Amino acid sequence: MSIKSRFQPLLEQRAKDHLYRRRPLATTAQDTAMQINGLQTINFSSNDYLGLANHPALKKILQETNDLSVGSGAAHLVTGHHLEHHLLEDELADWLGCDRALLFSTGYMANLAVQPALMQKGDWILSDKLNHASLLDGALLSAADLKRYAHNDMKALEKRLKQAQEANIQCLIVTDGVFSMDGDLAKLPEIQALTQKYGAWLLIDDAHGLGVLGQKGKGCFEHFGLTPDENTLIMGTLGKAFGTSGAFVAGSEVAIEALIQFARPYIYTTAMSPVNAKVTRSALKLVRDANVRRQQLKDNIAFFRQGATAIGLNLMPSESAIQPILLGDSEVAIAWSETLKQAGCWVSAIRPPTVPKDTARLRITLSASHTHAQIQQLLDALKAIQQKTHS
Ligand SMILES: Cc1ncc(COP(=O)(O)O)c(C=O)c1O
């Protein structure tokens with residue numbers, strides 16, 4: 001069988017189901033106003049929550065990296081671990097109040113790394129059903145048994161923990177901090193209490209919380225006034241609020257050493273560029289001092305939600321920068337997204353398998369850098385679609 005004979009029908013079916021993916025082509029810098037597919041648009045589909053990706057201070061640091069090689073040249077355990085990586089790890093750990101942090105090239109790789117490294121045959125991974133795909137894939141790579149619980153269902157989680165305790169099984173609870181396609185938060189106070197009650201371990205993916213949530217932007221733990229304990233690992237991405245790229249896992253001394261020894265997506269890959277590490281150190285300083293930007297983002301979220309509610313849109317219960325509009329049908333989601341593009345607003349349609357069947361949606365993401373005028377343009381365009389749909 002040729003590759004074509006296997007895949008041509010699958011590709012055609014995907015298109016018929018309105019599930020075909022295409023890559024929008026950006027021809028200007030990542031920003032709230034940018035050119036995509038030749039259209040001048042306001043970008044409402046970026047995770048650059050604090051508007052740092054194109055920040056002049058970071059671009060200036062980039063110009064001051066002549067002493068660094070572009071590539072790291074090797075894996076961290078060979079000769080690729082540069083002082084800039086090491087300092088960034090120390091600074092991230094200090095910021096979050098953890099013993100140590102460990103850099104990864106992407107958040108996807110960090111999530112592939114942790115569960116197989118920590119969990120052994122006979123252990124259970126208890127994972128929220130709406131967790132990011134990378135957490136699911138990480139669980140599937142592990143020798144442990146995967147038990148998924150209904151989204152944020154604390155009763156279902158506790159039931160599993162009780163069963164595990166009776167059978168003397170070690171559990172790792174795995175959850176997004178802010179759910180990436182819904183924008184709601186994990187019930188961290190309950191989850192942490194259950195973790196400690198049953199002697200489980202906890203992996204929080206705070207990709208969309210770090211930099212944004214909490215007074216000082218330290219993410220969902222700070223938001224809830226909690227402190228991660230020694231059996232907790234926090235995964236954070238650098239490609240979202242930090243505006244650069246890469247990721248890290250923060251945790252106890254022993255947990256991080258275990259990852260260095262046993263996490264294959266850490267060991268068998270080239271270290272991120274030292275240039276990226278250096279720029280990210282400056283991004284961390286900006287994130288730490290970004291109180292004004294965090295306030296602007298909050299204000300933009302409130303402005304959008306107020307306007308969207310006023311025009312009767314089906315908003316989801318999210319107070320975060322992720323503001324999905326649930327539409328259900330994939331074809332409808334694509335049609336809305338296309339109409340918004342023509343009105344100068346870039347909003348991606350999110351469809352299965354990224355979200356469950358019949359829950360296609362527009363995923364609007366807001367940034368501190370959006371102006372109210374830009375958000376109003378989106379609201380006006382949404383109102384026009386809404387009126388046309390109901391006329
Ligand atoms: C919740 C969550 N975890 C992990 C990732 C992966 O991070 P990265 O883009 O750095 O690979 C993403 C998105 O990209 C995400 O939304």
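Just above, that's the structure.
The paragraphs below set out a description of the structure included in this document. (Residues numbered from 1 in each chain as written. Predicted model: local features only at pLDDT ≥ 70, side-chain atom pairs only at ≥ 80, totals over all residues. Heavy atoms only, no water.)

## Structural notes on the pairing of strand 13 (residues 360-365)
1) Next: Extensive coverage of strand 13 is indicated by the burial of 6 of its 6 residues.
2) Next: Here strand 13 shows two buried faces, one formed by Ala 360, Leu 362 and Ile 364 and the other by Arg 361, Arg 363 and Thr 365.
3) Next: Bridging between strand 10 (residues 322-328) and strand 13 involves 6 bridges; their strand directions are antiparallel. Counted as the bridge partner of Pro 324 is Arg 363 from strand 13. (Buried < 20%, exposed > 50% of the residue type's maximum accessible area, 1.4 Å probe, protein only. Helix = DSSP H or I, 4+ residues; strand = E, 2+ residues; numbered from the N terminus. Pairing = 2+ DSSP bridges.)

## Quick word on the nonpolar core
1) Next: Grouped together as the largest cluster of nonpolar side chains are 78 residues, with contacts concentrated most on Phe 304 and Leu 382.
2) Next: Mapped onto the domain boundaries, this core takes at least three residues apiece from domain 1 (28-50 + 291-390) and domain 2 (56-288).
3) Next: In this view, Leu 382 contacts Phe 304, Ile 311, Leu 313, Ile 325, Trp 336, Leu 340, Leu 362 and Ile 364; residues no more than four positions away in its chain are not counted. (Core = buried A, V, L, I, M, F, W, Y, C linked by side-chain atoms within 4.5 Å. Domains from an automatic or database assignment. Contact = heavy atoms within 4.5 Å.)

## Quick word on the sheet that holds strand 11 (residues 345-346)
Pairing between the strands of a sheet comes from backbone hydrogen bonds, and it takes one of two forms, parallel or antiparallel.
1) Next: Taken in spatial order, the 3 strands of this open sheet run 1-2-11, and their pairing is mixed. Of all the strands in the sheet, the pair left with one neighbour each is strand 1 (33-36) and strand 11.
2) Next: Looking at chain direction, strand 1 and strand 2 (residues 39-43) are connected through 4 bridges and run antiparallel. What sits directly across from Met 34, in strand 2, is Thr 41.

## A word on the pairing of strand 5 (residues 145-149)
1) Next: Sheet topology note: the strand 4 (residues 124-128)/strand 5 ladder contains 5 bridges and is parallel. Along strand 5, the bridge assignment pairs Trp 124 with Asp 145.
2) Next: Traced from strand 4 through helix 6 (residues 133-141) to strand 5, the parallel crossover comes out right-handed. (Right-handed = clockwise from strand over helix to strand, strands pointing away.)

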